[in-house]
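Structure at a glance
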Amino acid sequence: MAEIVLTAGVPHTPLLWRLLREPIPDDLVSVASNYDRFRELLATARPDVIVLVASDHFRQLATSNMPAFMIGKAEEMRGTHPNEERAFGLPFVTVPGDPEVARVVLGHHQLPAGFDFAFSDEPWLDHAFMVPLLYLTPQLDVPVVPVYTNTNAPPIPSARRFVELGTYLRTSLLQSSLRRRVAIIGTGHLAFELGGPRQFLGTSPDPEFDGLACEWMAEGRGEEAVEACSFERLVGAGNLTFQFLNFLTCLAAAGGRPATIAEATPCRFGNEPFFAWEAE
Amino acid sequence: MSRYMVNKLMVEIDRHDESVAAFKRDTTAFLESWEAAALSPDPPYPVGGSLTPDERKAFADWDFEKLYVLGAHPYLLWHLVRAIYVPERLTVEELSDAFKAAVAEHDWPDFST
């Protein structure tokens, strides 16, 4: 069976890419340190594959065809879209995939009971995937199975569905006959706004939400998080806060146990999330 | 109001440097070309679309406040206005301040798709 060697949640704020260069600005030193710390955690865990749960930002997916959850099952993937090279300076890259693991999660001839994923044979990873990969695996030498979630185009799946996704990922991997060391990494935001009146405040638009979010993770209070994370509560915390839901998938993928690291790291973009569930 | 078409157009403008440049160079011509493209759809990913008069005017005027009120997706809207306003017309900081001031009174319009 596969072994889950690390579950983690990290930020993907793309404006960090041009800023985290020496000399690193004072307010971003802790963010850089946490990326370093999580890169070391991942290196220590020695995964054969990363299952990466992230949200496409209308780059590959549009509302002409918008799945709730989609898995990429290609052997190789493009990373970074042209607008993101312009806006964020992210490099165009190629990322290895792991179709065998993708198939375990997706199903072979029929979709698995209880989860109807869409799939892509030509996934093209946007900054939500690329920023975590560039910081955590700079050589891009660990195969990736991308799990796309729709957190950006309402109607979005419910918080409970994100928990079910995490439970399903965990169960399907642990029950598989594949011998792989798997890291499950999710990425998203705490309270965050862009394209609205509370963007770029220099601080979090909703520190109370961020504090609760860290408590839910640190204490393994997934059910409380599901109850709290209504659409209205999330948009009230900032119009892109829906991406927090990817971390509920991480919590469930870790079996719902308390995180070993649960930090909201303050910087100019608000509080950046760093969550980890080290191996059981 | 078609949030779908508004969002689709924002994505298609911002997608490439060339499309951003063409929109900035001659916005009216860009919009006419975009709407004309929809008359000859190429499935399964047809380009182009159609806009209401209000939407067309908001794009023609680079009026981000109006697009915000119309329910343009906030993520796409911010990246579009950043692509077309910066650096020739405003710095990012100036644009962000102007954007926030313009949309503040409108709270969060429904941007469900």
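Residues numbered from 1 in each chain as written. Chains lettered and ligands numbered in written order. Predicted model: local features only at pLDDT ≥ 70, side-chain atom pairs only at ≥ 80, totals over all residues.

Below, the discussion takes up the pairing of strand S10 (residues 261–267) of chain A. Residue and element names in this part refer to chain A. Summarising the sheet, S10 and strand S11 (residues 270–278) pair through seven bridges and their orientation is antiparallel. The residue bridging Glu263 from the neighbouring strand is Phe274, located in S11. What sits between S10 and S11 in their antiparallel hairpin is a turn of two residues. (Pairing = 2+ DSSP bridges. Helix = DSSP H or I, 4+ residues; strand = E, 2+ residues; numbered from the N terminus.)

What follows deals with the interface of chain A and chain B. If you look at the interface, chain A gives 21 residues, while chain B gives 22 residues. The greatest single-element share of the side of chain A that touches chain B, amounting to four residues, is contributed by helix H3 (residues 82–88) of chain A. Per-class residue counts for the side of chain A that touches chain B are twelve nonpolar, eight polar and one charged. (Contact = placed C-beta atoms within 7 Å. Nonpolar A, V, L, I, M, F, W, Y, C, P; charged D, E, K, R; others polar.)

Taken together, the three strands give an open sheet; going across it, the order is S5-S4-S7 (chain A), and neighbouring strands pair in mixed fashion. The strands lining the two open edges of the sheet, one partner per strand, are strand S5 (93–96) and strand S7 (124–125) of chain A.

One can expect most non-glycine residues to show negative phi and most peptide bonds to be in trans. Between Pro154 of chain A and Pro155 of chain A the backbone carries a cis peptide bond, its omega angle lying at 10°. Residue placement: Pro155 of chain A occurs in the loop between strand S8 (144–149) and helix H6 (159–175). Looking along the chain, the bond that leaves Val86 of chain B and enters Pro87 of chain B is cis, with omega of 5°. Position of Pro87 of chain B among the secondary structure elements: in the loop between helix H6 (74–85) and helix H7 (92–103). Of note in this structure, Arg46 of chain A is not a glycine but carries a positive phi near 50°. Note on placement: Arg46 of chain A falls in the loop between helix H2 (29–45) and strand S2 (49–55). What makes Arg46 of chain A exposed here is the crowd of 11 C-beta atoms within 10 Å. One non-glycine residue, Thr80 of chain A, lies in the positive phi region at around 80°. (Buried ≥ 20, exposed ≤ 12 C-beta atoms within 10 Å, placed from the backbone.)

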